[in-house]
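A look at the structure
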Amino acid sequence: MARILVVGGGYVGMYTALRLQRKLKQELRQGTAEIIVVDPEPYMTYQPFLPEAAAGSISPRHVVVPLRRVLPHCQVVIGEVTAIDHAERKAVITTLAAEETGEGAIQVAYDELILAPGSVSRTLPVPGLADVGIGFKTVEEAIGLRNHVLEQLDIASSTRDPEVRDAALTFVFVGGGYAGVEALAELEDMARYAVRYYHNIEPEDMKWILVEATGRILPEVGEEMGRYAVRELRARNIDVRLETRLDSCEKRIAVLSDGARFPTRTLVWTAGVKPHPILAATGLPLNGRGRLKCTAALQVDGVEHAWSAGDAAAVPDLTADPPAGPDEPRATCAPNAQHALRQARVLAENVAATLRGGEIADYAHSYAGSVASLGLHKGVAHVYGRKLKGYPAWFMHRAYHLSRIPTFNRKARVLAEWTLAGLFKREIVSLGSLENPRAEFELAAGTGRHNETS
């Protein structure tokens, strides 16, 4: 039996396994092939919808796709791959059961390895960042940030201390890429709507600050649309600071490289990502940025039976201009969802062809463009050379991502939520207690708060 081990259940991992179970339907039925998908979470997160989930436009359970539901013919293992010995074709996996029983990790042998662990947040040694920073890469972080922002409005509304109020109403976002700009724009939109229900907070009382180390934001949509996005955000009283870095955030004070100091209770870090640490533990060839060196056919360069795509892989971009000199490397595909989805399709086809003794194909895709949301009914887009802004770009953003989110079930649920959101008012409820659901019971049991015999 040929065993295919897929490390990661994100874009590349899930879509590759999904296509493999269709291509290898006969082999899976006959028991001559097996697909194992390993991921720490039992779902795939559709990350482009995280800003809308944080703003309450989409329910959090609708931006995730259950792996077991969409991969019924694969064996889904909830755990983390901690070591890979490709020479022996073995992987070490730490599962939830292993942690509970103390039996240690399990070892899984494989024939074909697909590395798609994705990426993790890239942090810098900024003093105080590890203590107060909030990430924005998972659905838990998105919903936690929503609850946190609404909680800050409650704090500001219920205090007479001007310093506490000012810090609660100051929101600092570091990073001017998709995640930072869309998260800030959606949450500012939500908070501006929410304050109408607070008798002592006005929209002008809030400070929203975007810090970007380079001279532009949203580089994927082009320079002109990037400048438009800056103007749009500043018109909403959002302080966009270009060519500025975060130097420190100790004691809840954001200190910027231009000398500005902002007492704040909210600091969101979205300044880029880096390859997953498991790649460095595989012994496979990496490039200077820690990504796997791959061929255009998505094979790990110089290594048989090892494949990769997406954030983890440095795949040559065959549609880019050739390098100027013979010693210069060819440009690689950008680590974004557009390439990841298409690479997963080619990757599955190539693995299936390898098992059946067929021909493998190279991956080649011309970059179509980018779309970004700037809040409700606002956006920017640069698609196939055409530039859009405002409502048309926002509509294209929603239409594109609705077409890309997996399963008809999720498409229908998201569309239904958008329709209902257009008919009814926004929800502005904070459910921060969900992060510690046993707190109330522990308080009652430990202090007798609800002790009826007292």
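First, a word on what this report is: a plain description of the structure on this page.

The rules behind each value
- Residues numbered from 1 in each chain as written.
- Predicted model: local features only at pLDDT ≥ 70, side-chain atom pairs only at ≥ 80, totals over all residues.
- Heavy atoms only, no water.
- Helix = DSSP H or I, 4+ residues; strand = E, 2+ residues; numbered from the N terminus.
- Rg over C-alpha atoms; globule rule 2.2 N^0.38 Å.
- Buried < 20%, exposed > 50% of the residue type's maximum accessible area, 1.4 Å probe, protein only.
- Contact = heavy atoms within 4.5 Å.
- Areas by Shrake-Rupley, 256 points an atom, 1.4 Å probe, with all protein chains shown as cover.
- Lys, Arg positive; Asp, Glu negative; His and termini not counted.
- Charge placed at Lys NZ, Arg CZ, Asp CG, Glu CD.
- Phe/Tyr/Trp six-rings, centres within 6.5 Å; stacked < 30°, edge-to-face > 60°.
- Lys NZ or Arg CZ within 6 Å of the ring centre and 35° of its normal.
- Pairing = 2+ DSSP bridges.
- Axes fitted to C-alpha atoms, helices over the stretch in contact; angles between N-to-C directions.
- 1 Å grid on protein atoms, 1.4 Å probe; cavity = no way out; pocket = protein on both sides within 12 Å on 5 of 7 lines; lining within 4 Å.
- Points joined across faces, edges and corners; volume = space filled by probe spheres on them.
- Nonpolar A, V, L, I, M, F, W, Y, C, P; charged D, E, K, R; others polar.

Details of the overall build of the protein chain
- In terms of regular secondary structure, the protein chain is built from 14 helices and 24 strands.
- Over its C-alpha trace the protein chain gives a radius of gyration of 24 Å, about what one expects of a compact globule, namely 22 Å for 454 residues.
- Here the protein chain holds 454 residues, and 49% of them are scored as buried.
- Excluding contacts between residues fewer than 6 apart, the proportion of contacts in the protein chain whose partners are at least 24 apart in sequence is 65%.
- Taken as a whole, the protein chain presents about 22100 Å² of accessible surface, with 52% of it coming from carbon and sulfur.
- Side-chain charges in the protein chain split into 51 positive and 54 negative, and the spacing between the mean points of these groups amounts to 6 Å.

Section: the packing of aromatic side chains
- If you walk through the whole model with that rule in mind, you get 7 aromatic pairs.
- Here Phe171 and Trp208 contribute two aromatic rings whose centre-to-centre distance is 4.2 Å and whose plane-to-plane angle is 20°, an arrangement assigned as stacked. Separated by 37 residues along the polypeptide, Phe171 in strand S11 (residues 170-174) and Trp208 in strand S12 (residues 207-211) bring together distant segments of the chain. In this structure, Phe171 and Trp208 share a single accessibility class: buried.
- Linked through ring pairs, Tyr11, Tyr46, Phe49 and Trp418 together constitute an aromatic cluster.
- One residue, Arg426, lies across the ring of Tyr193, its end atom 6.0 Å from the ring centre.

Focus on the sheet that holds strand S23 (residues 379-383)
- In spatial order, the strands read S22-S23-S24; together these 3 strands make up an open sheet with antiparallel pairing. Whereas interior strands pair on both sides, the edge strands pair on one side only; in this sheet they are strand S22 (369-373) and strand S24 (386-389). With strand direction ignored, the average angle separating the axes of adjacent strands in the sheet is 5°.
- With 4 bridges connecting them, S23 and S24 associate as antiparallel partners. Among the inter-strand pairings, Val380 is bridged to a residue of S24, identified as Lys389.

Quick word on empty space enclosed by the protein
- Per the counting criterion, the structure on display carries 1 cavity of 30 Å³ or more.
- Its boundaries defined by the atoms lining it, the largest cavity holds a volume of some 30 Å³.
- As for the largest cavity, its lining consists of Val132, Cys249, Arg252, Thr264, Arg265, Thr266 and Leu267.
- Residues of the lining of the largest cavity, tallied by class, amount to 3 nonpolar, 2 polar and 2 charged.

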